[in-house]
Structures are given as structure tokens and as C-alpha cells.
Amino acid sequence: MSKIFAAAAARYSRGFGHVTTRQNIQLHFVLLSDVESAMRDLGAEGLTTREACGNAVRNITGCPYAGTSATEIFDPTPYAEALTRYFLRHRLSGSLPRKFKIAFEGCREDHAVVSINDIGWRARIVDGRRGFRVTVAGGTSIMPVSGYLLYDFLPVEDMLNVAEAVLRVFAKYGDYKHPQKNRMKFIIRQIGWESFRAKFEEELAAFRKRAQTAEARLKAIATSGGGGDARAEERVSMLEQENALLKARLETSAERTRALLDRVRFLRQQHAGEGR
């Protein structure tokens, strides 16, 4: 991949690229007439510009001292990796009103500056349970603001559900017309924190309920005497697929979280072994 980046930079750009804070590689001053060829060359090697920039969930950042700091409560890297995988190619990730930034911090100090992100996760342990202090709608630039406190403590098992609900509020109520004021902080400025929190709770409840509703519909069709009816069977099949998808997104139990983290640790060990 490094070779194809270098080749594309030499052929279409200025012979070098820029590595961003969120670890994207940018090629500047590519001629419009060369864009398609450049993207095809990169795509042939499995590389894409999708969700690298634009109105998307950007790469998730974390503490630069993760796994090494003496003041670390716990290493949030596996959770950041799990949320990255969850939002990658998510149906809303590439069609938001504006960019959406997320950061994790595991230390007592806020090295990752999570408070200026759309969702900030700071590690906490309460009664032996891992979780996060969650803030939302932080930002800099015009109208700088620290994130609003959404949860003082959220168990790690609820991380994906909450992130999904926040993203849905942004996608549903964000300003798609005015790029100068279409970050999430402007929604709160317009409707107020209490209204934003109420809309978040609505989206969270609706998201959790969809799986139950799909399962109930599936059972109703299956027991309605439609056996042998091709259309009924087709509807059952479609609902089964919908139900499976919803369960995959909603299943954030401790067991699934551990499985995700075990997989992430395995991959990290594999990468470490390849680097030696």
C-alpha cells in the first residue's frame, strides 16, 4: 500500500503526501482530469477515499500514551477499535450534515482532548465495572465549546447503542444547507440541551425497539397461515434478514464486547509479530 501511495503521489500529485492527525494520507493539487485515474489506481490495491474526509464519521483518535501511562485507568484502544469497525461503512457514516469526530481517553489527564469532539469517551471504573464519562457536541473553530455531559458513567456494554443514537440525532436534525453551522454543537445552540437530550433518548429507545418489533412481525407472519404462499415466505425471508441485521447492531452484551476485544488483541499481536 505504501508503494501505491508513493506511485500515485509521484504521478498525480507533488511526489509526497500529508499524514493527518487522524492518520489519513492526503495528496494535494491533483488535477480534476486525473482524479478518476488516481482513484482507480488506488482502488486496484484495495484503497479508497470513502469516509476518509467529507461529511462522514472521521477516523477515531485516542490517547497517545494508551497502554503505557502510569495514570491510565484502562487502555481504551480496543474500544476505539470496536467503534471504528462498527461505523465503518455504516449506512449513515458517509451522508451526514458535516464531519463527525470521536476520541477516547484512558488517562486521568485528557491527552486526547476528548471534550472538543462530537463524542468524547473518558475511561472510568465504578464498582469494578468499566465504563466511560461521555460528552457530546464539543468543537473549536467558530463557536468553540466543550462537550456537554451526556453520561457521568456509561458501562462499556452500552457504548455502541449510545454512539448510534447520537449519530442518528445528528443525521436527523443537522443542518444540511449551511456548511458554516452544521456541526452538532449548532443543533444544541438552536434547540437547547434539554431538547437535544430528549431527542437522543427517543432515538436510543427507537433503535432498541426496532429489533423487538422486527422479531414480533416475523412471528406474526410465520403464524398467520401463510405457509406455502410464495409472497408470505418472501416477506418472512426479508424480515429474517432485517432481524439478523438489527440483532448484529444491537447485540452489545458483555460477552460480545469481550469477543470483539479478544479479536482486536489478536490482530494487534499479529501486527506486532510481523513488525519484528
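Use the structure listed above.
Since this is a predicted model, take the numbers as computed values, not measurements.

Procedures and definitions
- Every chain is numbered independently, its residues counted from 1 as its sequence is written.
- For a predicted model such as this one, the threshold for reporting local features is a pLDDT of at least 70, and the threshold for listing and counting side-chain atom pairs is 80 or more; totals across whole chains, interfaces and linings nevertheless cover every residue.
- Only heavy atoms go into the side-chain values, all of them from the structure, while hydrogens and water stay out.
- Going along the chain from the N terminus, every DSSP run of H or I of four or more residues is numbered as a helix, and every run of E of two or more is numbered as a strand.
- Only protein chains enter the calculation, and the probe is 1.4 Å; a residue is then buried if its accessible area is under 20% of its type maximum, exposed if over 50%, and partly exposed in between.
- Residues count as neighbours in contact if any of their non-hydrogen atoms are within 4.5 Å of one another.
- Using a 1.4 Å probe, accessible areas were evaluated by the Shrake-Rupley method; residue-level cover was limited to the displayed protein chains.
- Pairing of aromatic rings covers Phe, Tyr and Trp, the last counted by its six-membered ring, and requires centre-to-centre distances within 6.5 Å; plane angles under 30 degrees mean stacked, over 60 mean edge-to-face, and any other angle means tilted.
- Lysine NZ or arginine CZ positioned within 6 Å of the ring centre and within 35 degrees of the ring normal marks a charge as sitting over the ring.
- By the convention used here, strands pair only if DSSP detects at least 2 bridges between them.
- Angles run from 0 to 180 degrees between N-to-C directions of axes, and those axes are lines fitted to C-alpha atoms, restricted for helices to the stretch in contact.
- Under this rule, positive means Lys or Arg and negative means Asp or Glu; His and the chain ends count for nothing.
- Throughout this description, the term salt bridge denotes a Lys or Arg side-chain nitrogen within 4 Å of a carboxyl oxygen of Asp or Glu.

**Regarding the overall build of the protein chain**
Secondary structure assignment for the protein chain yields eight helices and six strands. Order of helices (α) and strands (β) in the protein chain, N terminus to C terminus: α-β-β-α-α-β-β-β-β-α-α-α-α-α. The buried share among the 276 residues of the protein chain stands at 38%. Partitioning the contacts of the protein chain with sequence separation of at least 6, the portion at a separation of at least 24 is 61%. If you sum the accessible surface of the protein chain, you get close to 15800 Å²; carbon and sulfur atoms cover 51% of it.

**Describing unusual backbone geometry**
The backbone phi angle of Val113 is positive, close to 50°, even though this residue is not glycine. Positive phi is not limited to glycine here, since Met143 has a value of about 55°. Looking at the secondary structure, you find Met143 in the loop between β5 (129–136) and β6 (148–155).

**Observations regarding the packing of aromatic side chains**
Scanning all chains against the criterion turns up eleven aromatic pairs. With a centroid separation of 5.7 Å and an interplanar angle of 65°, the aromatic rings of Phe74 and Tyr79 are classed as edge-to-face. Overall, Tyr79 belongs to the buried group, its relative accessible area being 4%. Seen from their ring centres, Tyr86 and Phe87 are 5.3 Å apart, and the 65° between their planes marks the pair as edge-to-face. A relative accessible area of 9% means that Tyr86 is categorised as buried. Residue classification places Phe87 among the buried positions, given a relative accessible area of 2%. Among the aromatic residues, those joined into a ring-pair cluster are Phe74, Tyr79, Phe104, Trp121 and Phe132. Taking the ring centre of Tyr151 as reference, the NZ or CZ of Arg197 above it sits at 5.2 Å.

**Looking at helix α5 (residues 184–191)**
Looking only at α5, the buried set comprises Met184, Lys185, Phe186, Ile187 and Ile188. Positive backbone phi, at 90°, marks Gly192, one or two positions downstream of α5.

**Observations concerning the pairing of β5**
A regular strand places its side chains so that they alternate between the two faces of the sheet. Pairing geometry for strand β4 (residues 119–126) and β5, over eight bridges, is antiparallel. Residue Gly120 lies in a different strand from β5, and its bridge partner there is Thr135. Between β4 and β5, which pair antiparallel and follow one another directly, the connecting turn spans two residues, one of which, Asp127, has a positive phi of 55°. Judged from the five bridges that link them, β5 and β6 form a sheet pairing that is antiparallel. Following the sheet pairing, Val136 is matched in β6 by Tyr148.

**A word on the environment of Gly139**
Tracing the sequence through the fold places Gly139 in the loop between β5 and β6. Classification of Gly139 by relative accessible area gives buried; the value is 5%. Discounting residues that sit within four places of it in the chain, Gly139 has contacts with Ser115, Ile116, Pro144, Val145 and Lys185.

**A short note on the sheet that holds β5**
Pairing in this open sheet of four strands is mixed, and the strands run β3-β4-β5-β6 from one edge to the other. Pairing within the sheet leaves two strands with one partner each, and these edge strands are β3 (102–105) and β6. Averaged over all pairs of adjacent strands, the angle between strand axes in this sheet comes to 25°, irrespective of strand direction. Where helix α4 (residues 159–173) meets the sheet, its contacts fall on β3, β4, β5 and β6, and the angle it forms with β6 comes to roughly 155°.

**Some words on the side chain of Lys185**
Within the element layout of this structure, Lys185 appears in helix α5. We note that Lys185 is buried and unpaired, the nearest opposite charge coming from Asp118 at a distance of 8.1 Å. Those residues in contact with Lys185 that sit more than four places away from it in its chain are Ala137, Gly139, Thr140, Ile142, Met143, Pro144 and Val145.

**What to know about the environment of Arg22**
Assignment of secondary structure puts Arg22 in the loop between β1 (18–19) and β2 (25–26). Placed 36 residues apart in sequence, Arg22 and Arg58 show a C-alpha to C-alpha distance of 7.6 Å. Not counting residues up to four positions away in its chain, the partners in contact with Arg22 are Arg58, Asn59, Ile60, Thr61, Lys101, Ile102 and Asn117.

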